[in-house]
Amino acid sequence: MPSESSFDIVSKIDRQEADNALNQAAKEISNRFDFRGVGASIAWSGEHGVEIRANSEERAKAVLDVFKDKLVKRGVSLKHLDPAEPRASGKEYRISIVLKEGITQENAKKVSKIIRDEGPSGVRAQVQGEELRVSSKKKDDLQAVISLLKSKDFDFALQFTNYR
């Protein structure tokens, strides 16, 4: 009798790629002519945050666009970003960005319901903290579940790991 195969569904950010994107964005901002003299900067703000500063709201949004562009080029999903509205702080504008990781209980229930309703029979999904473990006796069923979830458009990023 074959043993069960499984994989995990997670929502994690590649910290190194995010850091590289931030550093590239900071370098581009310091070198670009249209950012000269506007006090534009981008930097980490704690473990899961990024702060953008500029002397106008438009410049702050432009810095955000540069950062998004660098993330996309490095293969980091923009669904991890949760930018706040630009707010005035003294003479400068700031945008705080939270980097979202992990699958919330509500989203995990949504994903497991889709697997139950639309996926092959005999596939089980169980929530384990901020990830979801999907298991089945047939590896083909697991491949079908991955294809099914990739075809859906969620408002959070999904990665598939520990396939065995």
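Residues numbered from 1 in each chain as written. Predicted model: local features only at pLDDT ≥ 70, side-chain atom pairs only at ≥ 80, totals over all residues. Heavy atoms only, no water.

Turning our attention to the environment of K152. Relative to the helices and strands, K152 resides in the loop between α4 (139-151) and β9 (159-161). Look at K152 and you get partly exposed, because its relative accessible area is 29%. A sequence separation of 38 residues divides K152 from I114, and the C-alpha atoms of the two residues are 9.4 Å apart. Residue contacts for K152: discarding those within four places in its chain leaves I114 and E118. At 2.8 Å, the side chain of K152 forms a polar contact with the side chain of E118. (Helix = DSSP H or I, 4+ residues; strand = E, 2+ residues; numbered from the N terminus. Buried < 20%, exposed > 50% of the residue type's maximum accessible area, 1.4 Å probe, protein only. Contact = heavy atoms within 4.5 Å. Polar contact = N/O pair within 3.5 Å; in protein donor to acceptor, adjacent residues only side chain to side chain.)

On to the side chain of S136. With respect to the helices, strands and loops of the structure, S136 is situated in strand β8 (residues 131-136). With relative accessibility at 1%, the residue S136 sits in the buried group. Dropping the residues within four chain positions of it, S136 is found in contact with E4, S5, G122, V123, D141 and L142.

For the rest of this paragraph, the subject is the nonpolar core. Counting 25 residues, the largest nonpolar core has F35, I42, I52, F67 and I97 as its most contacted members. Within the residue set of this core, elements represented by two or more residues are α1 (15-31), β3 (49-54), α2 (57-73) and β6 (92-99). Here this core gets seven residues from one element, more than from any other, and that element is α2. Not counting residues within four places of it along the chain, the set of residues in contact with F67 comprises A18, A21, L22, A25, I42, V50, L81 and I97. Counting 18 residues, the second largest nonpolar core, distinct from the first, contains F7, I115, V145 and I146. (Core = buried A, V, L, I, M, F, W, Y, C linked by side-chain atoms within 4.5 Å.)

This paragraph deals with the packing of aromatic side chains. Across all of its chains, the model carries three aromatic pairs by this definition. Between F7 and F160 the ring centres are 5.8 Å apart and the planes differ by 75 degrees, which places this aromatic pair in the edge-to-face class. Here F7, found in strand β1 (residues 5-10), pairs with F160, found in strand β9; they are 153 residues apart in sequence, far enough to count as distant. For F7, a relative accessible area of 0% gives the class buried. Taking relative accessible area as the criterion, F160 reaches 25% and is therefore assigned partly exposed. Following the ring pairs from residue to residue traces out a cluster consisting of F7, F160 and Y163. (Phe/Tyr/Trp six-rings, centres within 6.5 Å; stacked < 30°, edge-to-face > 60°.)

On to α2. In a regular helix each residue adds 1.5 Å, so 17 residues correspond to 24 Å; α2 covers 25 Å between its end C-alpha atoms and thus fits that length. Looking only at α2, the buried set comprises A60, A62, V63, L64, V66, F67, K70 and L71. G75, located one to two residues past α2, shows a positive phi value of around 80 degrees. (Expected span 1.5 Å × (residues − 1).)

Once that is clear, we can look at the sheet that holds strand β7 (residues 124-128). Read across the sheet, four strands follow the order β7-β8-β1-β9 without closing on themselves; strand pairing throughout is antiparallel. Looking along the sheet, the strands with just one partner apiece sit at the ends: β7 and β9. Strand-to-strand twist in this sheet, taken as the mean axis angle between neighbours without regard to direction, amounts to 30 degrees. Summarising the sheet, β1 and β8 pair through five bridges and their orientation is antiparallel. Across the sheet, the residue bridging to S6 is S135, located in β8. With respect to the sheet, α4 is in contact with β1, β8 and β9, its orientation differing from that of β1 by roughly 20 degrees. (Pairing = 2+ DSSP bridges. Axes fitted to C-alpha atoms, helices over the stretch in contact; angles between N-to-C directions.)

Let's shift gears to unusual backbone geometry. In this structure, N162 is a non-glycine residue whose phi angle is positive, near 55 degrees. Mapped onto the elements, N162 comes out in the segment after β9.

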